[in-house]
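# Breakdown of the fold
In case you want the letters, here they are:
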Amino acid sequence: MKAVTWQGKRDVRVDTVPDPEIQEPTDAVIRVTSSGLCGSDLHLYEVLTPFMTPGDILGHEPMGIVEEVGAGVPDLRAGDRVVVPFQIACGNCWMCLNSLPTQCETTQVTGEGMGAALFGYTRLYGAVPGAQAEYLRVPQAQFGPIKVPEGPPDDRFVYLSDVLPTAWQAVAYADIPEGGSVAVLGLGPIGDMACRVAQVRGAGRVFGVDLVGDRLRRARARGVEAFDLRTFDSEKELVAAIRDETDGRGPDAVIDAVGTEAHGSAAARMIQNASALLPRKISGPLAERFSVDRLAALHTAIELVRRGGTLSLVGVYGGMADPLPMLTMFDKQIQIRMGQANVRRWSDEILPYLTDEDPLGVDDFATHRVPLTDAPHAYEMFQRKQDGAVKVLMRP
């Protein structure tokens, strides 16, 4: 089959690889009909290269048609239309039964000290072959796949794999009071969707911050009060502008949807880039112990949120040696929640919104739909924020 493989920093290719097969009774194999390109994939393209191996198959946002199931998968059959969550979880362990499938005790990558295995996301998360491919082996298929109805296009449902539950959890963790205010830093696919989710869940005012014109215009078109980072000389000016809109206090909650590749962190960027150029035998252990994030967005979030407010971190961070302003965080009595989205925790809440009325705007959420063979160009375009790229779907 054809699949998108990682070969090095900023080097992805479409290669021919062996077709997946059933390996365990709880496996299924699906024929992928749509697969998203996620902002997290760009971390592999640029920053997390020390944890990658040439030939790794990328991608973790698939949906498709079941081709084959193992004997331990009673509720799926060939021909079912399913969305596959990005994490792999059993549904039966203590963590899963307590709505934390990203911490699944059956699939935890204990050798790396990490949580549940993920599709297509480094050796830290199990080096499981990913979903930007024609076919996908789905472990723990007795729990993970979400059956969806025939009829509507893939765009209606594919974001259940990641974008929707990640944005939904970000808003839930932000704990925005009814009619309250939230600022979302970063208006890429997750930040954009988080704004939409906040609106339908009752936020009174939703502020968005970005520096890409296409993303700002897209958010404004849906009623977000969007601030262009480029028009401010400093973080303090941005913070002051949003505080002026919230009686001088700051928003009730701030969602950081930027993460480790934030703009405005030159020293950390230099360290990340240098690490990516080292031989993998050296860069991997070094990154595990001494990696740093670009923390500009997180520092802005800490400064911006009102005293006693909540920070919800949904942008991916991977540093192990990050300095944080603990005095400010303690003094402001900030609550912080974070983590990978627990997809099956939220999927049943989200499904009623995926209707013809389309309150979340999923049917036209994708800005680009490309064949799988165009993956190298799609990665480059998305990484460089070219051609208005916010969300890319690939069709094998």
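Rules used in this analysis
- Residues numbered from 1 in each chain as written.
- Predicted model: local features only at pLDDT ≥ 70, side-chain atom pairs only at ≥ 80, totals over all residues.
- Heavy atoms only, no water.
- Phe/Tyr/Trp six-rings, centres within 6.5 Å; stacked < 30°, edge-to-face > 60°.
- Helix = DSSP H or I, 4+ residues; strand = E, 2+ residues; numbered from the N terminus.
- Buried < 20%, exposed > 50% of the residue type's maximum accessible area, 1.4 Å probe, protein only.
- Lys NZ or Arg CZ within 6 Å of the ring centre and 35° of its normal.
- Salt bridge = Lys/Arg side-chain N within 4 Å of Asp/Glu carboxyl O.
- Pairing = 2+ DSSP bridges.
- Axes fitted to C-alpha atoms, helices over the stretch in contact; angles between N-to-C directions.
- Contact = heavy atoms within 4.5 Å.
- Core = buried A, V, L, I, M, F, W, Y, C linked by side-chain atoms within 4.5 Å.
- Parallel < 35°, antiparallel > 145°, perpendicular 65-115°, else oblique.
- Left-handed = near helix turned anticlockwise from the far one by under 90°.
- Nonpolar A, V, L, I, M, F, W, Y, C, P; charged D, E, K, R; others polar.

## Digging into the packing of aromatic side chains
On inspection of all chains with the given rule, the structure shows six aromatic pairs. Geometrically, the ring pair formed by Tyr159 and Phe365 is edge-to-face, given 5.3 Å between the ring centres and 75 degrees between the ring planes. On the criterion of sequence distance, the pair formed by Tyr159 in the loop between β7 (146-147) and α3 (163-174) and Phe365 in the loop between α11 (343-350) and β14 (368-371) is long-range, its members being 206 residues apart. By relative accessible area, which is 1% here, Tyr159 ends up buried. Under the relative-accessibility criterion, Phe365 is labelled buried at 0%. A network of ring pairs unites the aromatic residues Phe207, Phe227 and Phe232 as a single cluster. The ring of Tyr173 has Arg337 lying over it, and the distance from NZ or CZ to the ring centre is 3.8 Å. Over the ring of Trp346 we find Arg345, and its NZ or CZ is 3.9 Å from the ring centre.

## Notes on the pattern of salt bridges
When the charged atoms of two side chains with opposite charge come close together, those side chains can pair. In total, this model carries 24 salt bridges according to the counting rule given. Of the charged contacts in the structure, one is a salt bridge between Lys391 and Glu61, with a shortest N-O distance of 2.7 Å. Remark: Glu61 occurs in the loop between α1 (39-46) and β4 (62-69) and Lys391 occurs in the loop between α12 (375-383) and β15 (392-395); sequence separation between them is 330 residues. The exposure class assigned to Lys391 is buried, which follows from its relative accessible area of 1%.

## Re the sheet that holds strand β8 (residues 181-185)
Strand order in the open sheet formed by six strands is β10-β9-β8-β11-β12-β13, and the pairing between neighbours is parallel. Only two strands of the sheet have a single neighbouring strand rather than two, namely β10 (225-228) and β13 (335-338). With direction set aside, neighbouring strand axes in the sheet form an average angle of 20 degrees. Two strands pair when backbone bridges link them, and β8 and strand β11 (residues 253-256) are joined in this way by four bridges, in the parallel orientation. Within β11, the position partnered with Leu185 by the bridge is Asp256. Running at roughly 165 degrees to β8, helix α9 (residues 296-304) makes contact with β8, β11 and β12 (310-313) of the sheet.

## Let's talk about the nonpolar core
Grouped together as the largest cluster of nonpolar side chains are 75 residues, with contacts concentrated most on Tyr159, Leu164, Met193, Ile255, Tyr379 and Met394. The greatest single-element share of this core, amounting to nine residues, is contributed by α3. The residues touching Met394, leaving out its near neighbours within four places in the chain, are Val4, Thr33, Ser34, Ser35, Leu37, Gln132, Val370, Leu372, Ala375, Ala378 and Tyr379. One finds Phe207, Val254, Leu304 and Ile334 within the second-largest nonpolar core, a separate group that totals 21 residues.

## Observations regarding the packing of helix α6 (residues 235-244) against α9
Here α6 crosses α9 at 40 degrees, and the two axes come no closer than 10 Å. Taken together, the axes of α6 and α9 are oblique relative to one another. Like other packed secondary-structure pairs, α6 and α9 cross with a definite hand, here right-handed. Within the contact between the two elements, α6 uses Glu235, Leu238, Val239, Ile242 and Arg243 and α9 uses His299, Thr300, Glu303 and Leu304. Residues that form the contact of α6 with α9 fall into these classes: four nonpolar, two polar and three charged.

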